[in-house]
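The primary structure of each chain is shown beneath.
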Amino acid sequence: MLLHGLAGQSGEWDAVAERLSPGFRVVALDQRGHGASELLPEDVSRAAYVEDVVAVARALRLDAPVLVGQSMGGNAALLTAAAHPRLVRGVVLVEAGAGGPSPGVPDEIRGWLDSWPVPFPSREKAVAFFGGGPVGEGWADGLRERDGGWWPRFEPEVMVRSTAEVAERSFLADWRRVSCPALLVLAERSFVPPEEFDAMVRARPSVTSLSLPGTEHDLHLQRPDTVAELVARFVHGLEGAPGRPGDRP
């Protein structure tokens, strides 16, 4: 199951999913408040995001899925694995860490979203605003055309509220409770601070981690071939591992 980051949508995983789908059943989720999901959810707590992951896994009868999450999607994957150890076979955290108290994050997100020249006059202008190339294309794919312009498929205030809990605390204790195998994939210019990464490795010394040269936060858009290959290798490495039938969908 592929989980996108804040202000993203499931389609940003299309290139990765295309490469994985010949060998795996792949599900990408529009998380609450994003994409085609409910636009104005009342509850945007981290627990609510976890409940959605569990509900989709059970509704689709996914048998001990591997959760692959980028950024805030990685946080949802981590928390789901911590809260439902018998449901999840493995987690891949792409540019996602255990976090820590960061009171300024909601204001930073608000300022970032306020900087978007919404509505974008054309898709091409949106691609350029988001940096061009595959990253710009990926972000532009998350917009929809209406009323003569291109608009986000989310409400900015919902995005800001979704970061409130992340800004308040560390999730290192939750990370320690993750009992399934895990893979950490970071960008060369990572959003995850070195001290946060070091704390995660100290908490779980057996975890596999790597950094992709020449990449930034949206590395799943920059290097979908590599990300898909890493995920495939990780999943194949889980074959033969004992199942967790007690809490399967």
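Predicted, not measured: the structure shown is a model, and the values here were computed from it.

1. Some remarks on the nonpolar core
One finds Met1, Val91, Leu93, Trp175 and Val178 to be the most contacted residues of the largest nonpolar core, which totals 33 residues. Sorting elements by how many residues they give to this core places helix α3 (residues 72-83) first, with six residues. Residues within four places of Leu93 in sequence aside, it is in contact with Gly69, Gly74, Ala77, Leu78, Trp175, Leu183, Leu184, Val185 and Met200.

2. Points about the sheet that holds strand β7 (residues 182-187)
One open sheet holds the six strands; their spatial order is β2-β1-β3-β4-β7-β8, and the pairing between them is parallel. A single partner strand is all that each edge strand has here, and the edge strands are β2 (28-29) and β8 (208-212). Where strand β4 (residues 90-94) and β7 come together, four bridges link them in parallel fashion. Looking across to β7, one finds that Val91 is bridged to Ala182.

3. Looking at the environment of Val44
As for its position among the elements, Val44 is in the loop between β2 and α2 (46-59). Residues Val44 and Leu172, 128 residues apart in the sequence, show an inter-C-alpha distance of 20 Å. If sequence neighbours within four positions are ignored, Val44 has contacts with Tyr49, Val158, Arg161 and Ser162.

4. Regarding the pairing of β7
β7 sits mainly inside the fold: six of its six residues count as buried. Of the two faces of β7, the one carrying Ala182, Leu184 and Leu186 and the one carrying Leu183, Val185 and Ala187 are both buried. Pairing between β7 and β8: five bridges, direction parallel. Bridged to Ala187 within β8 is Leu212. A crossover connection joins β7 to the parallel β8 through helix α10 (residues 194-203); in handedness this β-α-β unit is right-handed.

5. Things to note about α2
The end-to-end C-alpha distance of α2, which contains 14 residues, comes to 20 Å, matching closely the 20 Å that a straight helix rising 1.5 Å per residue would cover. Within α2 the residues assigned to the buried category are Arg46, Ala48, Tyr49, Val50, Asp52, Val53, Val54, Val56 and Ala57. At its buried positions, α2 is contacted by β1 (2-3), β2, β3 (66-70), α3, α7 (156-162) and α8 (164-168). Count one or two residues on from α2 and you reach Arg61, which has phi positive near 55°.

6. Let's talk about the pattern of salt bridges
As enumerated under the stated definition, the model contains twelve salt bridges in all. For the salt bridge of Glu157 with Arg110, the shortest nitrogen-to-oxygen distance reads 3.2 Å. Here Glu157, found in helix α7, pairs with Arg110, found in helix α4 (residues 105-114); they are 47 residues apart in sequence, far enough to count as distant. Assessed through its relative accessible area of 29%, Arg110 is described here as partly exposed. What you see here is one network of salt bridges that share partners, running through Glu165, Arg169, Asp174 and Arg177.

7. Quick word on the side chain of Gln70
Relative to the elements of secondary structure, Gln70 occurs in strand β3. Judged by its relative accessible area of 2%, Gln70 falls in the buried class.

Conventions adopted
Residues numbered from 1 in each chain as written. Predicted model: local features only at pLDDT ≥ 70, side-chain atom pairs only at ≥ 80, totals over all residues. Heavy atoms only, no water. Core = buried A, V, L, I, M, F, W, Y, C linked by side-chain atoms within 4.5 Å. Buried < 20%, exposed > 50% of the residue type's maximum accessible area, 1.4 Å probe, protein only. Helix = DSSP H or I, 4+ residues; strand = E, 2+ residues; numbered from the N terminus. Contact = heavy atoms within 4.5 Å. Pairing = 2+ DSSP bridges. Right-handed = clockwise from strand over helix to strand, strands pointing away. Expected span 1.5 Å × (residues − 1). Salt bridge = Lys/Arg side-chain N within 4 Å of Asp/Glu carboxyl O.

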